[in-house]
Amino acid sequence: MKRGKVSSRESKIKPKPIIIHARVNDTKPEPVRVLKLTHAPEIGDRFQGVPTRLGTTNTLQKTLHVLDIKDDGGVKTFICTTA
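Analysis parameters
Residues numbered from 1 in each chain as written. Predicted model: local features only at pLDDT ≥ 70, side-chain atom pairs only at ≥ 80, totals over all residues. Heavy atoms only, no water. Helix = DSSP H or I, 4+ residues; strand = E, 2+ residues; numbered from the N terminus. Buried < 20%, exposed > 50% of the residue type's maximum accessible area, 1.4 Å probe, protein only. Contact = heavy atoms within 4.5 Å. Pairing = 2+ DSSP bridges. Core = buried A, V, L, I, M, F, W, Y, C linked by side-chain atoms within 4.5 Å.

Asks: Whenever I open this one, the environment of Phe-47 confuses me. Can you help?
Replies: Mapped onto the elements, Phe-47 comes out in strand S3 (residues 46-51). Residue Phe-47 is classed as buried on the basis of its relative accessible area, which comes to 3%. With near-sequence residues (within four places) excluded, Phe-47 lies in contact with Ile-20, Val-34, Leu-37, Pro-41, Lys-62, Thr-63, Leu-64, Val-66 and Cys-80.

Spelled out as structure tokens, the structure:
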């Protein structure tokens, strides 16, 4: 039998990560995991992001600034620069 309140066990469930396709500093678009946000960034937002090719390590996170959002065949591509 588990001890503790039910609400404390339910609060430990992690939400799914937000993954966007970002073109950083005019490179080809790649999937980027958004950190510390609960929604996709908008134009003008600054956010922490890590390329998914680096796995789950957050040691190489970068602060990104969204300049534009383009729709390429149904896939949103975020045009970003490092802040």
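Asks: How do you make sense of the pairing of strand S4 (residues 62-72) when you look at a structure like this?
Replies: As judged from the 4 bridges shared by S3 and S4, these two strands associate in the antiparallel manner. Following the sheet pairing, Arg-46 is matched in S4 by His-65. Both S4 and strand S5 (residues 75-82) contribute to a ladder of 8 bridges, which runs antiparallel. Opposite Asp-71, over in S5, you have Lys-76 as the bridge partner. What sits between the antiparallel neighbours S4 and S5 is a turn of 2 residues, in which Gly-73 has the positive phi angle 65°.

Asks: Is there a simple way to think about the nonpolar core in this case?
Replies: A general feature of soluble globular proteins is that nonpolar side chains tend to end up buried together. Judged by nonpolar contacts, Ile-18, Ile-20, Ala-22, Val-24, Val-32, Val-34, Phe-47, Leu-64, Val-66, Phe-78 and Cys-80 together constitute the single largest core of 11 residues. Elements represented by at least two residues in this core include exactly strand S1 (18-24), strand S2 (30-35), S4 and S5. Among the elements that make up this core, the one with the highest residue count is S1 (4 residues). Those residues within four positions of Ile-20 in sequence are excluded, and the remaining contacts are Glu-30, Pro-31, Val-32, Val-34, Pro-41, Phe-47 and Phe-78.

Asks: Where do I start with the environment of Pro-51 in this structure?
Replies: Within the secondary structure layout, Pro-51 lies in strand S3. Pro-51 gets classed as buried once you look at its relative accessible area, which sits at 12%. Remark: the alpha-carbon pair of Pro-51 and His-21, spanning 30 residues in sequence, is separated by 9.4 Å. Excluding residues within four positions of it along the chain, Pro-51 makes contact with Glu-30, Pro-31 and Val-32.

Asks: Please clarify how the environment of Leu-60 should be interpreted in this entry.
Replies: Its location among the elements puts Leu-60 in the loop between S3 and S4. Judged by relative accessible area, which is 49%, Leu-60 ranks as partly exposed. Sequence separation of Leu-60 and Val-50 is 10 residues, and the distance between their C-alpha atoms is 6.6 Å.

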